Amino acid sequence: MEFGLFVQAYVPRHETKADPTGAEHARILRELELAETCDRAGFKYVWAVEHHFLEEYSHLSASEIFLPYLAARTQRIHVGSAIWNLTPPVNHPARTAERVAMLDHLSEGRFEFGTGRGSSSTEFKGFGIPDGETTRAMYDESLREILRMWRETPYSYQGKFFTMPERNVLPKPYTRPHPPLWVACGSPSTFEKAGRLGLGALCFSLGSPKDFEPLIKVYKDNIRHAEPV
């Protein structure tokens with residue numbers, strides 16, 4: 001059995017009322033301390049979220065800064081994004097490809113690339129995305145193209161949600177062919193998609209094992225016949 005830690009910098013409202021900056025600072029450093037302790041204890045993973053504009057629930061909006069800092073302060077634990085938002089208005093696909101590859105190098109293969117499209121309208125509408133269905137289409141386009149950026153020299157693309165002239169996206173990943181890929185799953189259709197695309201499934205375990213039995217079955221049934229992205 002493998003163990004992991006999930007960090008999101010939850011900052012209770014009563015703490016921010018008393019000392020807004022100090023409360024955030026203390027919580028972020030506390031998450032770092034917990035992750036370092038998990039590394040020493042032999043945990044396999046530490047996962048860090050990317051959330052925007054969500055007061056109290058999560059103040060960890062820049063995990064692309066948090067995770068490399070954590071990787072430098074640990075020895076064995078795998079550092080994972082749970083998730084990095086792949087929609088182009090939030091993170092341009094080329095910038096995501098660059099960040100993932102750089103973190104893969106600096107961690108010497110300890111980075112786990114968890115992907116998703118944002119969790120609420122508070123977040124995606126804050127970046128000008130009109131609805132959840134649009135984030136789904138953006139995600140599908142971006143993930144496919146990020147993988148092309150790592151393979152192709154040079155790369156170019158004329159798409160629906162972003163366009164790039166011919167460029168060589170650097171660095172290329174240290175891990176071959178790329179770091180492990182995961183996707184956030186919340187519904188049976190996403191578990192099916194994760195399996196079909198050959199992605200690891202990340203989900204909240206709020207419920208009994210019986211509640212998750214059908215979702216795990218959907219995933220396992222589909223990954224047997226996966227066509228990896």
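Residues numbered from 1 in each chain as written. Predicted model: local features only at pLDDT ≥ 70, side-chain atom pairs only at ≥ 80, totals over all residues. Heavy atoms only, no water.

(A) Structural context of the overall build of the protein chain. Counting secondary structure elements, the protein chain contains eight helices and nine strands. Over its C-alpha atoms the protein chain spans a radius of gyration of 18 Å, differing by no more than 12% from the 17 Å that the globule rule assigns to 229 residues. For the protein chain, the proportion of its 229 residues judged to be buried stands at 44%. Contacts in the protein chain between residues at least 24 apart in sequence constitute 67% of all its contacts with a sequence separation of at least 6. (Helix = DSSP H or I, 4+ residues; strand = E, 2+ residues; numbered from the N terminus. Rg over C-alpha atoms; globule rule 2.2 N^0.38 Å. Buried < 20%, exposed > 50% of the residue type's maximum accessible area, 1.4 Å probe, protein only. Contact = heavy atoms within 4.5 Å.)

(B) How the structure looks around the packing of helix H7 (residues 188-197) against helix H8 (residues 209-223). Viewed as axis vectors pointing N to C, H7 and H8 meet at an angle of 25°, and their least axial separation amounts to 7 Å. In this view, H7 runs roughly parallel relative to H8, as classed from their interaxial angle. In the packing of H7 onto H8, the handedness of the crossing is right-handed. Here H7 contributes Pro188, Phe191, Glu192, Ala194, Gly195 and Arg196 to the contact with H8, which in turn contributes Leu215, Val218, Tyr219, Asn222 and Ile223. Each residue belonging to the contact of H7 with H8 can be placed in one class, and the counts come to seven nonpolar, two polar and two charged. (Axes fitted to C-alpha atoms, helices over the stretch in contact; angles between N-to-C directions. Parallel < 35°, antiparallel > 145°, perpendicular 65-115°, else oblique. Left-handed = near helix turned anticlockwise from the far one by under 90°. Nonpolar A, V, L, I, M, F, W, Y, C, P; charged D, E, K, R; others polar.)

(C) Inspection of the packing of helix H2 (residues 20-41) against helix H3 (residues 63-72) at higher detail. Put simply, H2 and H3 touch, their axes get as near as 11 Å, and they point 40° apart. Comparing their axes, H3 and H2 come out oblique. Every pair of crossing elements has a handedness; the one defined by H2 and H3 is right-handed. Between H2 and H3, the contacting residues are Ile28, Glu31, Leu32, Ala35 and Glu36 on the first element and Phe66, Tyr69 and Leu70 on the second.

(D) Structural view of the layout of surface pockets. Counted as a void, the largest pocket has a volume near 1100 Å³. Forming the boundary of the largest pocket are 34 residues, of which Ala184, Cys185, Leu202, Cys203 and Phe204 lie nearest the centre. If you list the elements that add at least two residues to the lining of the largest pocket, you get strand S1 (4-7), helix H6 (132-151), strand S8 (181-184), H7, strand S9 (200-202) and H8. In terms of residue class, the lining of the largest pocket is made up of 21 nonpolar, nine polar and four charged. The volume enclosed by the second largest pocket comes to roughly 160 Å³. Around the second largest pocket, the lining residues are Ile28, Leu29, Leu32, His59, Leu60, Ser61, Ala62, Ile65, Phe66 and Tyr69. Of all the elements in the fold, those that place two or more residues in the lining of the second largest pocket are H2 and H3. Of the residues in the lining of the second largest pocket, the class split is eight nonpolar, two polar and no charged. (1 Å grid on protein atoms, 1.4 Å probe; cavity = no way out; pocket = protein on both sides within 12 Å on 5 of 7 lines; lining within 4 Å. Points joined across faces, edges and corners; volume = space filled by probe spheres on them.)

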